[in-house]
Amino acid sequence: MEKRFYIIGLLLASTLTMGQEKVIKLDESVITSENTETTVASIPRNVTVLTGEEITQRGAKTVAEALKLVSSVIVKEMGGTDAAFDVRGQGATAKSNVIVLVDGAPINSIDLSGYQTSNIPVNSIERIEVIPSGGSVLYGDGAVGGTINIITKAPEDRKNYGSLNSEIGSYGLKKQQVTYGTKIGERFLVEVDYLRREKDGYRDYSKDNLESFGFRSRYKLDEGELKVKYNYSKNDFKAPGALNKDEVNEDRTHSNPNAWRIDGKTEKNNFVGDYLYNINSDLEFKLLGRYAHENYSSNGSNYKTEVKYLKPQLKYSYLDDSYVVFGGDIYEGETKDFAYGNGKSEKNSLGGFVVNSYTIDKFRFTQGYRKQDIEYKRDTLTTKKFKEDAIELTGSYLYSDSGSTYISYTKGFRAPNTDELNFWDGEFNPQKTETYEIGMKDFLGNTYISTSVFYIETENEIFYGANKNDEFNKNRNLDGTSKRKGVEFSLEHYFDKLTVSESITYMKTEFKEGKDIPGIPNIKGVLNFNYRFNEKLSVNNSWEYYGKAYDSNDEANEREKIDSYLLSGLTFMYNFQDGLVINAGINNLFNEKYYDYVGYSSYSKIRNYYPAPERNYYIGFKYSF
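Residues numbered from 1 in each chain as written. Predicted model: local features only at pLDDT ≥ 70, side-chain atom pairs only at ≥ 80, totals over all residues. Heavy atoms only, no water.

*Asks:* Help me understand the overall build of the protein chain, please; the structure alone is not making it clear to me.
*Replies:* Along the protein chain, the regular secondary structure elements total seven helices and 35 strands. A compact globule built from 625 residues would reach a C-alpha radius of gyration of about 25 Å, and the protein chain, at 24 Å, matches this within 12%. Once the C-alpha set of the protein chain is aligned to its principal axes, its extents read approximately 60 × 55 × 45 Å. Residues classed as buried in the protein chain amount to 54% of the 625 residues present. (Helix = DSSP H or I, 4+ residues; strand = E, 2+ residues; numbered from the N terminus. Rg over C-alpha atoms; globule rule 2.2 N^0.38 Å. Buried < 20%, exposed > 50% of the residue type's maximum accessible area, 1.4 Å probe, protein only.)

In structure tokens form, the structure reads like this:
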């Protein structure tokens, strides 16, 4: 491993002699931070923006693969199940502590399933915005770790265009996608796509077959626009379960038939409507709505989940670069369990918020407040209600045309999901989190730099594990204060034909009598090289480093840590410039033996391992017209 880092260092050093080309990274648009379009420079957060072009260049085939290249995000997978995104050390409950949005609408469910992103075609993504510790005022319950907004491409303003995309690869990967769009009249734009993806998986008893259909439309108004999107997806999947160490040493690809394995299906319909109306030059109205219906069956379980979400918002600009936003949201979630007596769980909420952003000279101050009522209804539980609030206070100083520094304070909350309440110990309360952060962003020469330091305190942290008086794991509110503190640092260098980006996140976590939060490495680093030989040929080389961590069930920090590991990927793209693009790649270039997940069984007293894929390959083409 030391040799690999030495090679990387030589490559990086050699690039410093190349020509400079300044790229205005700070002017990239971001909408997630305040639900209104602004720029990277003016956001008082250490925001990361992955463009659709960057996702393609780096060879990411899913949202999860794209987010692995963000140092502040730990992507957690368990042998084929939909990935969880851990931002700033949330641990085992990461799926409930981070809000994932698609086009501004939260896709989190009311139960432990959290969100599903494997059914989102990466070719349809415009960009992904990652806002660590941001979103508590705008989105409320569950945004304590931050927000991730997946923004899909809008239909293009032209007639009769589209693309054909096909790909094959290791583990039986076969993918076909067709996209077609057109313009009807002068105002109505429409686009449809169909995706079919099949994959056997790295291990025995693995399968991930996806079929989806998408519809996107945009109608231009004299003073605004209306967008309507619909997606249908059907997913058949198998997950092979855990192995013990002896089984891993014998055959990493094996699936133990005696272990808990998953054989399931999901079918989902998702509707999103987005209305924008400019009442006058100073007043803007937005209305966002979502309806989702999902059927899920697995290992004898049969669930139906329904979600309704509505978010009106009014923005008033009262001075140059100063505005106030008033808004609210209504969320209704219901899950029915048809396998066990038609049990039903509900989680509903009603929230209101206000955000004021005031700019004077080179200073920008933002204040935000949310009030949210949350109500649970369940067959076996009397109605339970909470009233929670969230606060965001930030200050930014734009000390030059390209540089800014900021300080922020955020108070957020996260209420239990319905699955957690099914197996809870004692009284339950929402967890409450306070985050303090300072940071800066600038463009120096040919280099974009962004860095932040954060400190997070959490009371009543919701956690699944054992306590001193009960050897069985249950959900509970932890006593005391959990702490997370860390540093995030990223650089992006722009040269004549080469772009080099580096980012690193170092974090120290503390909970349960000063112990580290299990399953969280103290350090994650990402290094990426993108070199364009000419207008047609480019190559991308990415590296991910993960430090040591306790296994995901080691709350006492008593077992040996899981080893660190280093991953690398290589992607080639050739653009014939007549509409045809060919891409090929190698994942896990050096065939690192690592694990998607390592846990521990309190019953068998042994560790459980979910081996991750070894070196694998893919090749594909895309033809656009």
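So that's the structure; there's more coming.
*Asks:* Just checking my understanding: could you explain the packing of aromatic side chains for this structure?
*Replies:* Pairs of aromatic rings are described using the distance from one ring centre to the other and the angle between the two planes. Applying the stated rule across the entire model yields 28 aromatic pairs. Pairing Tyr275 with Phe285 gives two aromatic rings, centres 6.4 Å apart and planes at 65°, and the pair type is edge-to-face. Here Tyr275, found in strand 15 (residues 262–278), pairs with Phe285, found in strand 16 (residues 283–298); they are 10 residues apart in sequence, far enough to count as distant. Judged by centre distance (4.8 Å) and plane angle (20°), the ring pair of Tyr546 and Tyr565 falls under stacked. Here Tyr546 is found in strand 30 (residues 537–546), whereas its partner Tyr565 is found in strand 31 (residues 565–575), with 19 residues between them in sequence. The burial state of Tyr546 is the same as that of Tyr565; both residues are buried. A network of ring pairs unites the aromatic residues Phe363, Phe365, Tyr397 and Tyr399 as a single cluster. The aromatic ring of Tyr323 is capped on one face by Lys315, whose charged end is 4.5 Å from the ring centroid. (Phe/Tyr/Trp six-rings, centres within 6.5 Å; stacked < 30°, edge-to-face > 60°. Lys NZ or Arg CZ within 6 Å of the ring centre and 35° of its normal.)

*Asks:* What's the story with the nonpolar core in this structure? I'm lost.
*Replies:* Burial of nonpolar side chains together is a common tendency in soluble globular proteins. One finds Phe353, Val355, Ile374, Tyr376 and Phe428 to be the most contacted residues of the largest nonpolar core, which totals 28 residues. The set of elements that each furnish at least two residues to this core consists of strand 6 (98–102), helix 5 (136–139), strand 16, strand 17 (301–319), strand 18 (322–337), strand 19 (343–360), strand 20 (363–378) and strand 21 (381–397). When neighbours within four sequence positions are excluded, Phe353 is seen to be in contact with Val137, Leu138, Lys311, Gln313, Val325, Phe326, Gly327, Gly328, Tyr369 and Arg370. Listed in part, the 26 residues of the second largest apolar core include Val98, Tyr115, Val130 and Ile150. (Core = buried A, V, L, I, M, F, W, Y, C linked by side-chain atoms within 4.5 Å. Contact = heavy atoms within 4.5 Å.)

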